[in-house]
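Fold and contact review
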Amino acid sequence: MTPRHPSDLRRFGYLGPRGTFTQMALDAWDGARHQEQVPFGSVDAALEALRSAEIDAAMVPIENSVEGGVSATLDALATGDPLVVIGEVLVPVTFVLCARAGMPLSSVRSVGTHSHAWAQVRTWMATHLPDAVYVPTLSTAASAAALGQPGDVMFDAGVCAPVAAANEGLEILAEDIGDNRSAVTRFVLVARPGTLPEPTGADKTTVVLFQRDDHAGGLLELLEQFAVRGVNMTRLESRPTGEAMGSYCFSIDFEGHLQDARVGETLMGLKRVCADVRFLGSYPRADGVRADARVGTADTDFDTARSWLEQLRS
Ligand SMILES: O=C(O)C(=O)C[C@]1(C(=O)O)C=C[C@@H](O)C=C1
């Protein structure tokens, strides 16, 4: 199969409505800015639309520097028909508290927002609105959109990006309320298998590993596959498989591309020791940081070793 090129993608889904941080990530993706952008109510809905070919790619949040992994995304990628990550985008996140005109801060009794955003403004809320009740919404912009429509809303104020509040003509009650001013969220652009970006020298690969059985040193056995080949991991998370209590899989990002010899050897090692390895794509790193191949782990080192073995065998 000829791999599809990322520039062939036309219809991009994202966690909406307009004004989410996810839409900012999509706008920051060169190939998507002038293409059709389709908002979805949830990460699951966007990924299902991708699986059923309603859209060509979906931008979804995967990791936040304060709150950690986005479980909805990690779980949706670990199960169901396979999908692959073809790119990543880092977005600095700053939050505002907004409300309908005429609502003073002192009258706010309830606040709506996405659970990840709420986790990032907890200290500000505890200081300024200690008695406010939290109401979860499907995204930050969904809270602004609800306040922007006429009619009853289940909360008095919303927490969202400044652009979402502006889109809905809401009043800003407080700016920059994030507990960590340098918070960043990482988003991934996901496509159906068959799209593999070229290696750039500054790439990441994502996999989900399913263990064969539960035994002492089981995780170490998996990690050794990376260590002995000089492959650096950038994220490791365990997620319940949902099959039974104590059944976990490991979601891992590491440096390098499927085409790199050390990555290929690592994947083969994992395939031997795991019950299943789900390859979730190789893609250019958003920060452009190039992977340093440790002595003995460059492509040429693997080539030399392979030729030496072939010579011995012949
Ligand atoms: O609700 C949004 O605006 C999103 O894009 C989702 C999301 C997330 O899932 O982490 C993205 C960035 C912020 O960290 C808060 C919420």
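A brief report on the enclosed structure follows. This is a predicted model, so every value here is computed, not measured.

1. Points about the site of the ligand
As a matter of local geometry, the ligand sits amid 13 residues, with F21, T22, Q120, T140 and T185 nearest to it. T185 is positioned such that a nitrogen or oxygen atom in its side chain is 2.9 Å from an oxygen atom of the ligand. Out of a free accessible area of 360 Å², the ligand has 100% covered by protein chains. Counting residues per element, the ones that place at least two in the shell around the ligand are α1 (21–28), β3 (57–64), α4 (115–120) and β11 (184–191). Looking at the shell around the ligand residue by residue, the classes come out as 4 nonpolar, 9 polar and no charged. Counting the residues that make up the shell around the ligand, at least three belong to each of domain 1 (10–92 + 183–195) and domain 2 (96–174).

2. A closer look at the pattern of salt bridges
Going through the model one piece at a time under the given rule, you end up with 14 salt bridges. Between E36 and R11 there is a salt bridge, with the nearest N and O atoms lying 2.4 Å from each other. With a gap of 25 residues between them, E36 in strand β2 (residues 36–40) and R11 in strand β1 (residues 11–15) connect regions that are remote in the sequence. For the salt bridge of E265 with R306, the shortest nitrogen-to-oxygen distance reads 3.0 Å. Of this pair, E265 sits in helix α9 (residues 261–273) while R306 is found in helix α10 (residues 299–313), placing the two residues 41 residues apart along the sequence. With relative accessibility at 37%, the residue R306 sits in the partly exposed group.

3. Section: the packing of aromatic side chains
Considering all chains together, one arrives at 3 aromatic pairs under this definition. Both rings, one in F21 and one in F95, keep their centres 5.4 Å apart while their planes meet at 75°; by these two values the pair is edge-to-face. Remark: F95 occurs in the loop between β5 (84–92) and β6 (96–99) and F21 occurs in helix α1; sequence separation between them is 74 residues. Its relative accessible area of 3% is what places F95 among the buried residues.

4. Overview of the nonpolar core
Generally speaking, nonpolar side chains in soluble globular proteins are found buried as a group. If you look at the biggest cluster of nonpolar residues, it comprises 36 residues, and the most contacted ones within it are M59, L97, V111, M125 and I177. Top contributing element to this core by residue count: β5, with 4 residues. Two domains each provide a minimum of three residues to this core, namely domain 1 (10–92 + 183–195) and domain 2 (96–174). When sequence neighbours within four positions are dropped, the list of residues in contact with I177 reads F95, V96, L97, Q120, V121, W124, M125 and V159. Core analysis: the second largest hydrophobic core is formed by 25 residues, V43, V60, I62 and L280 among them.

5. Quick look at the sheet that holds strand β13 (residues 233–240)
Pairing is antiparallel across the open sheet formed by 4 strands, whose spatial order is β13-β14-β12-β15. Pairing within the sheet leaves two strands with one partner each, and these edge strands are β13 and β15 (274–284). This sheet shows a mean twist of 15° between the axes of neighbouring strands, independent of strand direction. Examined bridge by bridge, strand β12 (residues 203–211) and β15 share 8 bridges and lie antiparallel to one another. Bridge pairing links V207 to F279 in β15. Against the sheet, helix α3 (residues 71–78) makes contact with β12, β13, β14 (248–255) and β15, and its axis sits at roughly 80° relative to β13, the strand it touches most. Taken strand by strand, α9 contacts β12, β14 and β15, and its axis lies near 155° from that of β15.

Parameters at a glance
Residues numbered from 1 in each chain as written. Predicted model: local features only at pLDDT ≥ 70, side-chain atom pairs only at ≥ 80, totals over all residues. Heavy atoms only, no water. Near = heavy atom within 4 Å. Polar contact = N/O pair within 3.5 Å; in protein donor to acceptor, adjacent residues only side chain to side chain. Areas by Shrake-Rupley, 256 points an atom, 1.4 Å probe, with all protein chains shown as cover. Helix = DSSP H or I, 4+ residues; strand = E, 2+ residues; numbered from the N terminus. Nonpolar A, V, L, I, M, F, W, Y, C, P; charged D, E, K, R; others polar. Domains from an automatic or database assignment. Salt bridge = Lys/Arg side-chain N within 4 Å of Asp/Glu carboxyl O. Buried < 20%, exposed > 50% of the residue type's maximum accessible area, 1.4 Å probe, protein only. Phe/Tyr/Trp six-rings, centres within 6.5 Å; stacked < 30°, edge-to-face > 60°. Core = buried A, V, L, I, M, F, W, Y, C linked by side-chain atoms within 4.5 Å. Contact = heavy atoms within 4.5 Å. Pairing = 2+ DSSP bridges. Axes fitted to C-alpha atoms, helices over the stretch in contact; angles between N-to-C directions.

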